[in-house]
Amino acid sequence: MKKTKELRNLINSEKLGFIMEAHNGLSAKIVEEAGFKGIWASGLSISAAMGVRDSNEASWTQVLDVLEFMSDATSIPILLDGDTGYGNFNNARRLVKKLEQRDIAGVCIEDKQFPKMNSFINGQLQPMADIEEFCGKIKAMKDTQTDDDFLIVARVEAFITGRGLDEALRRAEAYRKAGADAVLIHSKRPDIMEIEAFMKEWAGRLPVVIVPTKYYLTPTVKFRELGVSLVIWANHNLRSSIEVMKQVSRRIYQEESLIHIEKNVATMEEVFRLQGAEELEAAEQQYLPASHSGTNQGI
Ligand code: SPV
Ligand code: MG
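Given the structure is predicted, the values throughout are model-derived calculations rather than measurements.

> How would you explain the site of ligand 1 if you had to name every residue and give the values?
The environment of ligand 1 is formed by Trp-40, Ser-42, Gly-43, Leu-44, Asp-81, Asn-118, Ser-119, Phe-120, Arg-155, His-186 and Ala-234. In this structure, an oxygen atom belonging to ligand 1 sits 3.0 Å away from a side-chain N or O atom of Asn-118. Between ligand 1 and Arg-155, the relevant distance is 2.6 Å, taken from an oxygen atom to a side-chain nitrogen or oxygen of the residue. Along the lines of polarity and charge, the residues of the shell around ligand 1 split into 4 nonpolar, 5 polar and 2 charged.

Dropping the structure here:
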């Protein structure tokens with residue numbers, strides 16, 4: 001099945017679905033091997049892994065290059081966190097064209113202004129997009145996709161910017177009418193209150209996606225009860241790797257030795273496995289003349 005169809009099925013299914021953050025080819029592969037049916041290409045994580053801020057400091061084509069590696073390394077669908085679409089309707093529709101070429105299954109755009117800032121940094125101070133302008137962007141993106149199953153998710157930042165339920169509903173409804181396939185409703189509260197209020201009024205008009213980074217204490221069963229379609233675990237591969245890399249680097253620096261490290265890190269064999277080294281060996285058998293035999297001796 002095409003990746004676009006798989007993502008659409010995941011979000012349209014009666015069952016609550018889950019996708020997990022990745023930020024490069026390796027983490028994308030790890031997400032797939034864990035059993036997830038989809039990948040969240042997180043703007044925060046991709047930018048952090050590049051060592052820059054989640055404020056469109058990495059150019060959109062640099063993000064595209066990362067996505068290409070993620071897509072090539074995996075067989076499950078990828079939903080891109082497309083920030084604001086990297087500009088106006090014209091930039092956003094060109095993004096759709098480039099994503100389809102790389103077999104990305106969908107993109108989420110948020111109703112803020114370019115350059116954006118992560119929602120958890122002074123969210124209440126962030127300017128929102130004009131509703132009509134954002135609707136035009138959604139329409140342009142929908143008109144550009146060539147695969148009907150490519151997914152456009154409209155992310156509503158009304159709660160993040162402190163505007164409340166009425167504004168969240170007004171925006172979500174406008175984006176639905178503009179053609180969005182699903183709505184992502186974001187909240188920075190430590191509880192489910194805003195999401196719950198939204199879900200009750202929204203009443204299933206379109207599938208709803210949530211990102212429970214801040215309300216992580218809410219049991220998942222509650223998301224099911226509210227009728228949420230898709231949960232994004234948005235940044236936990238990035239954050240876990242930061243923690244482990246800090247510990248390992250510090251310890252090797254202090255001890256000037258690997259003695260206490262080796263048993264706590266992935267084996268070299270595991271690295272080679274994740275890279276698909278075996279496939280290359282088999283290909284060499286098939287394609288390299290015997291006189292060139294031995295890994296990578298053909299060059
Ligand atoms: C991301 O993962 O980059 C997101 C989710 O957009 S959040 O960081 O919660 O804004
Ligand atoms: Mg983001």
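> Give a detailed account of helix H4 (residues 60–73), specifying residues and quantitative values.
Taking 1.5 Å as the rise per residue, H4 with 14 residues should run 20 Å; its terminal C-alpha atoms sit 20 Å apart, in good agreement. Of all the positions in H4, only Val-63, Leu-64, Val-66, Leu-67, Met-70 and Ser-71 are classed as buried. For H4, the arc enclosing every buried residue in end-on projection is 165°, short of the 170-degree limit, so these residues lie on one face. Turned more than 90 degrees away from the buried face of H4, the exposed residues are Phe-69 and Asp-72.

> Can you explain the environment of Gln-247? Please cite residues and give values.
Position of Gln-247 among the secondary structure elements: in helix H10 (residues 236–255). It is 9.9 Å that separates the C-alpha atoms of Gln-247 and Ile-261, two residues lying 14 residues apart in sequence.

> So, the pairing of strand S4 (residues 106–110): which residues are in play, and what are the values?
With respect to burial, S4 is a largely interior element, 5 of its 5 residues being buried. Here S4 shows two buried faces, one formed by Gly-106, Cys-108 and Glu-110 and the other by Val-107 and Ile-109. Taken together, the 3 bridges between strand S3 (residues 78–81) and S4 define a ladder with parallel strand orientation. Looking at the pairing, Asp-81 lines up with Cys-108 of S4. Each parallel crossover has a hand, and the one from S3 via helix H5 (residues 89–101) to S4 is right-handed. By the bridge criterion, 5 bridges tie S4 to strand S5 (residues 151–156) in an arrangement that is parallel.

> Just give me the short version of the nonpolar core, but keep the residues and values in it.
Ranked by size, the top nonpolar core spans 60 residues in total, and within it Leu-67, Met-70, Leu-80, Tyr-175 and Phe-198 carry the most contacts. Each residue touching Leu-80, except ones within four places of it in the same chain, is listed here: Trp-40, Ala-41, Val-63, Leu-67, Tyr-86, Leu-95, Leu-99, Ile-104, Gly-106, Val-107 and Cys-108. By size, the runner-up hydrophobic cluster in this structure holds 17 residues, among which are Leu-79, Cys-108, Val-153 and Val-211.

> Mind laying out a nonpolar patch on the surface, listing which residues take part and the relevant values?
Residues Met-268, Val-271 and Phe-272 make up a contiguous nonpolar surface patch of roughly 270 Å² in combined accessible area. Structurally, the position occupied by Val-271 is in helix H11 (residues 268–275). Overall, Val-271 belongs to the partly exposed group, its relative accessible area being 35%.

> Now, about the environment of Phe-120: what can you tell me, with residues and values included?
You can see Phe-120 is positioned in the loop between S4 and helix H6 (131–144). The sequence separation of Phe-120 and Ala-172 amounts to 52 residues, and the corresponding C-alpha distance is 20 Å. Among all residues touching Phe-120, those that are not within four sequence positions of it are Ile-160, His-186, Ser-187, Lys-188, Thr-213 and Lys-214.

> How would you summarise the packing of aromatic side chains if you had to cite specific residues and measurements?
With the rule as written, the count across this model stands at 4 aromatic pairs. Seen in terms of ring centroids, Tyr-215 and Phe-223 are 6.2 Å apart; in terms of plane orientation they differ by 85°. Their pairing is edge-to-face. The residues Tyr-215 and Phe-223 share a single accessibility class, namely buried. Above the face of the Phe-120 ring, Lys-214 is positioned so that its terminal group lies 4.9 Å from the ring centre.

> Any details on the sheet that holds strand S7 (residues 208–210)? Residues and values, ideally.
One closed barrel accounts for 8 strands, arranged S1-S2-S3-S4-S5-S6-S7-S8; its pairing is parallel. Ignoring strand direction, the axes of neighbouring strands in this sheet form an average angle of 25°. Here H4 sits on the sheet in contact with strand S1 (17–22), strand S2 (39–41) and S3, set at roughly 165° to S3. In this fold helix H7 (residues 165–178) packs onto S5 and strand S6 (182–185), with an angle of close to 160° to the strand it touches most, S5.

Calculation criteria
- Residue numbering note: each chain is counted from 1, following its sequence as written.
- Lettering of chains starts at A and numbering of ligands starts at 1, both following the order in which they are written.
- With pLDDT at 70 or above as the cut-off, local features in this predicted model cover only qualifying residues; side-chain atom pairs require 80 or more to be listed or tallied, and sums for whole chains, interfaces and linings still use all residues.
- Remark: hydrogens and water are excluded; side-chain values derive from all non-hydrogen atoms of the structure.
- One heavy atom within 4 Å of a molecule or strand is enough for the residue carrying it to be called near that molecule or strand.
- Contacts described as polar in this section are N or O atom pairs within 3.5 Å, which, within protein, must combine one atom able to donate a hydrogen with one able to accept it, while residues neighboring in sequence count only if both atoms come from side chains.
- Ten residue types, Ala, Val, Leu, Ile, Met, Phe, Trp, Tyr, Cys and Pro, are classed as nonpolar, four, Asp, Glu, Lys and Arg, as charged, and the remainder, Gly among them, as polar.
- Only runs of H or I of at least four residues qualify as helices and only runs of E of at least two qualify as strands under DSSP, and these elements are numbered from the N terminus.
- Helix span, expected: 1.5 Å multiplied by one less than the number of residues in the helix.
- Each residue is assigned to one of three classes by its accessible area relative to the maximum for its type, calculated with a 1.4 Å probe on protein chains only: buried under 20%, partly exposed between the two thresholds, exposed over 50%.
- An arc is given here, and it is the one of the directions from the helix axis to the C-beta atoms.
- At least two DSSP bridges between two strands are needed for those strands to be called paired.
- Every crossover in which the path from the first strand over the helix to the second runs clockwise, viewed with the strands pointing away from the viewer, is termed right-handed.
- Note on terminology: a nonpolar core comprises buried Ala, Val, Leu, Ile, Met, Phe, Trp, Tyr and Cys residues joined through side-chain atoms within 4.5 Å.
- Contact definition: two residues touch when any of their heavy atoms are within 4.5 Å.
- Patch membership requires over 30% relative accessible area and the absence of a salt bridge. Like charges are linked within 9 Å, and nonpolar side chains (Val, Leu, Ile, Met, Phe, Trp, Tyr) within 5 Å.
- For the area figures, the Shrake-Rupley method with a 1.4 Å probe applies, and any residue is considered shielded solely by the protein chains shown.
- In what follows, salt bridge is the name for a side-chain nitrogen of Lys or Arg lying within 4 Å of a carboxyl oxygen of Asp or Glu.
- Two rings from Phe, Tyr or Trp (for Trp, the six-membered ring) form a pair when their centres are within 6.5 Å of each other. A pair whose planes differ by under 30 degrees is stacked, one over 60 is edge-to-face, and the rest are tilted.
- Cation placement over rings: the criterion is NZ of Lys or CZ of Arg within 6 Å of the ring centroid and within 35° of the ring normal.
- Only the contacting stretch of a helix is used when fitting its axis, a line to C-alpha atoms as for every element, and angles between N-to-C directions run 0 to 180 degrees.

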